[in-house]
Amino acid sequence: MDASPRPTSLRRAVPWLAAFTLLALAVAGGRWLPDAGLRWGVVEGLRAIGMAEVALGGADLSLFQGRVVVRGVSARAGTGTPLDLAGALLDFRWRPLLDKRLSLRTAELEGVRLDARRDGDTWVVNGLPLPMGDAAGSGWSFEADALRLADSRLVVVDAGVTLDVDIIALTIDNLRAWDPEAELSWRLEGRVNGAAVTAEGTATPFAAKPRLALTAMVEGFDLASLRAPARRTGIEGLSGKLSARMAVVAGDGPVRAKGTASVAKAAAASGAVTMAGGLDWTGVLAWSPGSIEADGTLRAEALRVTHPDGGVDIQSAEWTGLSRAGGGARPFTAEGRLDLTGMVGRLGEHRVDHARAGFAGTLAMVETSAADTVMPPLEGAVEAWVEGLRVEDPAHGRAVAAADKVTAAGVVFSPSGGARAARIEAAGLAAKDGRVRVARGVAEDGVLSAAGGVTVASLALEGVSARLVRTADGFEGFPAAEGEGGGEPPRVALGRLKVAGGTVDFEDRTPSEPVRLRLDGIEVSVRGLDTGQPGRDSPFRLSARLQGASVEARGALRPFAPSPSGSVKGRIEALDLPPLSPYAADSLGVHLHTGQFDGELAVSLERGELDGRMDIVLSKLFVAQPDPKAPLAVQADMPVETVLDLLRDSEQRIRLTIPVRGDLSRPDFDVSDAVSQAVGGALKSTVVTTLKVAFPVVALIGFVIDEASTPRLSLEPLAFPAGEHDLAPAHVERLRTVAALLRQRPGVKLNVCGVATASADWPVLAERRRRAQADLLARLRAMVGKSAVPAEDTADRDALAELADRRAQTVKAWLVDQGGVDPGRLFLCRPRVSEEAGTAPRVDLLI
């Protein structure tokens, strides 16, 4: 499509234009009229083209010099806007008239007032339709050495747009209509809608393929005057003051423009994107029918992007590079760099903000025929980054997660919807109001499939630290919360996991005196974690220091198997027991004065069956003088010191070998045999029962195991229907048996652990959520013009955790209220969400 008007259009307009620009040569009866006859001829000529009211100040004709002067013309067509001409001077040549060529040396017009309005396909000028008949048959052509227009005004109204053009000076030189390839030059100075405009250049308007070259400047053009055409392209509320300096070339090939443009106080909205700040552009544009290409820098301020789950405000966005928009398989491509600053937004119930983010590389939108695609898939390769990232939960006034900086190198997008990253590096990670921190994390060769599965070749974490504070209400900063998600969990595979330099600070405020422990120097390595290969072994190694004591463990597990299997060997050396004294004081009524714990564990787990043993040594275990009525003394029916003396050897050590046998549903830790080995059967059965809970290390191991979510021997679990937490008659019957067992063995404590599963529970919860949110989601999609999207297919872990917690709370409440069990003997675990296919919803009862 050509940017300039076609020559036939200009030739068609020649007779009409001659009536205004060559008023001194108006035709009346086919004769040339001098002086008074000229004035009459001008008036009659204007009336002949439709002007009902004509006034003329004066007209002079010099036939010898070839000069025409007209002054004070005012003509009106009915009720139309008057056509005014303050004055016109034309110097013409006689000889070319014989060849039907109107040849002007000079044409000077001043004080012209034109009003042009589009009416359908016709232009109406000062109340008269513009004749568009073909004048080519007349055989006439025209030329001008110099045309001058000054102190004039042109008002153009077209499709809701009004352009009020004040022409201070317009000059056109070397106009040759009879020579299509002749190049004219021109210069314009004036104002458009009050904005200063200057432009100059060259053109060949009569060529078969017209060419145009110009440089132009505009200052302060009000974009609000273009709201109507902008609205037709999907842009609402356009406003701002445009200033630009541009060089434009049009002719063969695309129209090209080079320069700068800025919009002060810009405002516009298109779809989900709104702008309410400054806009600056520098670069080159190339436009052709159906496509546009831009190479340069574009900076926009005060952007807002909305979506059904919230929105985001961006302080500034700057793009530098090459962009192309058009049809075809890739309707949009970009190659360059995008920088975003000051982003603040909301995702669901969370507030998300960052100081800086962006990417550099190439991206392309790929056309798709899928009807339910929210946005076209992407392909390309980029380097991406984000700095100062922070995610907050405003409802609870806490920070959920934060990162100083995250970078992704070698990110490649696939048209199928997946992505790959050669390396992702994060620094200064924090979660749960800073309770969990990672100094540095590096993931290599990560792949995100179109189905949402994640595969990572290696993940290395450095400087991991966690601060855990336990209160009567649970762990601070780790409450159960509603979230969103649904469907089957995607596959997650991790080739290698390495944790270096980890630290865990634990504070338990539930005892009468706080317990503070530190696990530091944590080194962990795990290989072959893959939820898609549940039968695969995952070897691991662990080393750490617990209150200065050495902790080591190694083995291989199958954590995702339907029946967990594996083997573990571990040891603890020189663990001082006095820091654990508050546990012994509250449960047994004794304070630990001195003592160290050493232990070795070797256990195998095959299809849920346990087989192994734990060898422990308690060195110099002495307690402060206990109250004779302390629970331990009462249960043992003898002084505490007597019990310990029977266990100690000549080196002040207590040695126990504890077999570990049974299966996960029916534990068989035979502590009785271990005690018998140590004391030779000298203790009563009551002492043997008491020793099952006598040592603080038992409580410690129970806590470590629980918090690490590793398997623990338990009673037969209570199975629940999918999505339910209420007790059935079968549950009540089982709990009566459990309550009787606890009453018979007062030293036994029970961990009540709720379990929810993605495969069984989530479809029920998701259906309930879909029914509750159906109306709201439909309205939100209608607001943004999107078609309905499928139901969620990722399980909501928070909702499942809440269901698991309700199950455990229900069981504990029955045991306390109906079973008569002391609540101090019942402990709720952290709710567990299982993603293993076939796992049943349940409550585990851990001893």
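In what follows, the structure referred to is the one given above.
Residues numbered from 1 in each chain as written. Predicted model: local features only at pLDDT ≥ 70, side-chain atom pairs only at ≥ 80, totals over all residues. Heavy atoms only, no water.

**Overview of the pairing of strand 17 (residues 291-307)**
As paired elements, strand 15 (residues 273-275) and strand 17 share three bridges and run antiparallel to each other. Across the sheet, residue Thr 274 finds its bridge partner in strand 17, namely Arg 304. In this antiparallel pair of consecutive strands, strand 16 (residues 279-288) and strand 17, the connection spans two residues, and Gly 290 shows a positive phi of 85°. Summarising the sheet, strand 17 and strand 18 (residues 310-326) pair through 16 bridges and their orientation is antiparallel. When the bridges of strand 18 are listed, Asp 295 appears paired with Leu 322. (Pairing = 2+ DSSP bridges. Helix = DSSP H or I, 4+ residues; strand = E, 2+ residues; numbered from the N terminus.)

**Overview of unusual backbone geometry**
A positive phi is found at Asn 174, a non-glycine position, where the angle reads about 65°. Relative to the helices and strands, Asn 174 is located in strand 9 (residues 161-176).

**Here's the deal with the environment of Leu 322**
Within the secondary structure, Leu 322 is located in strand 18. Looking at Leu 322, the relative accessible area reads 16%, which means it is buried. For the pair formed by Leu 322 and Thr 333, sequence separation is 11 residues and the distance between their alpha carbons is 8.2 Å. Excluding its chain neighbours within four sequence positions, the residues that come into contact with Leu 322 are Glu 293, Ala 294, Asp 295, Thr 333, Ala 334 and Glu 335. (Buried < 20%, exposed > 50% of the residue type's maximum accessible area, 1.4 Å probe, protein only. Contact = heavy atoms within 4.5 Å.)

**Some details on the nonpolar core**
Membership of the largest hydrophobic core comes to 63 residues, with the highest contact counts inside it found for Leu 46, Met 51, Leu 104 and Leu 109. Ranked by the residues each element gives to this core, the list is headed by strand 14 (residues 255-270), at six residues. Phe 506, Ala 549, Leu 575 and Ile 654 belong to the second largest nonpolar core, which has 22 residues in total. (Core = buried A, V, L, I, M, F, W, Y, C linked by side-chain atoms within 4.5 Å.)

**Focus on the environment of Gly 190**
Tracing the chain through its elements places Gly 190 in strand 10 (residues 184-192). Its relative accessible area of 8% is what places Gly 190 among the buried residues. Residues Gly 190 and Leu 170, spaced 20 residues apart in sequence, show a C-alpha to C-alpha distance of 8.4 Å. Ignoring sequence-local partners within four residues, the contact set of Gly 190 consists of Asp 166, Ile 167, Ile 168, Ala 195, Ala 196 and Val 197.

**Considerations on the pairing of strand 6 (residues 122-125)**
Relative to strand 6, strand 5 (residues 113-119) is paired through four bridges, and the arrangement is antiparallel. In the strand pairing of strand 6, Arg 118 is matched with Trp 123. In this structure, the hairpin formed by strand 5 and strand 6 is closed by a connection of two residues, where Gly 120 is found at a positive phi of approximately 70°. Hairpin connection of strand 6 to strand 7 (residues 128-129): two residues between the antiparallel strands, including Asn 126 at a positive phi of 50°.

**A look at a nonpolar patch on the surface**
Taken together, the side chains of Leu 448, Val 454 and Val 492 present a nonpolar region at the surface, about 210 Å² in accessible area. Topologically, Val 492 is positioned in strand 27 (residues 492-508). Under the relative-accessibility criterion, Val 492 is labelled partly exposed at 42%. (Patch = residues over 30% accessible without salt bridge, like charges linked within 9 Å, V, L, I, M, F, W, Y side chains within 5 Å. Areas by Shrake-Rupley, 256 points an atom, 1.4 Å probe, with all protein chains shown as cover. Salt bridge = Lys/Arg side-chain N within 4 Å of Asp/Glu carboxyl O.)

**What to know about the packing of aromatic side chains**
Throughout the structure, instances matching the rule amount to two aromatic pairs. Taking 5.0 Å as the distance between ring centres and 70° as the angle between the ring planes, the aromatic pair formed by Phe 92 and Trp 94 counts as edge-to-face. Of the residues examined, Phe 92 reaches a relative accessible area of 2% and is grouped as buried. Judged by centre distance (6.2 Å) and plane angle (45°), the rings of Trp 319 and Phe 359 are tilted. With Trp 319 in strand 18 and Phe 359 in strand 20 (residues 350-365), this pair connects stretches of sequence that are 40 residues apart. For the pair Trp 319 and Phe 359, one class covers both residues: buried. The positively charged end of Arg 101 is found above the aromatic ring belonging to Trp 178, 4.2 Å away from the centroid. (Phe/Tyr/Trp six-rings, centres within 6.5 Å; stacked < 30°, edge-to-face > 60°. Lys NZ or Arg CZ within 6 Å of the ring centre and 35° of its normal.)

**Here's the deal with the pattern of salt bridges**
Following the criterion strictly, the structure yields 52 salt bridges and no others. With its nearest N and O atoms 2.8 Å apart, the salt bridge here joins Arg 117 to Asp 115. According to the relative accessible area criterion, Arg 117 is partly exposed, its value standing at 40%. By relative accessible area, Asp 115 is classed as buried at 8%. The salt bridge involving Glu 507 is made with Arg 516; its shortest N-O contact spans 3.5 Å. Arg 516 gets classed as exposed once you look at its relative accessible area, which sits at 52%. A single network of salt bridges, built from pairs that share partners, joins Arg 337, Asp 339, Arg 356, Glu 387 and Lys 405.

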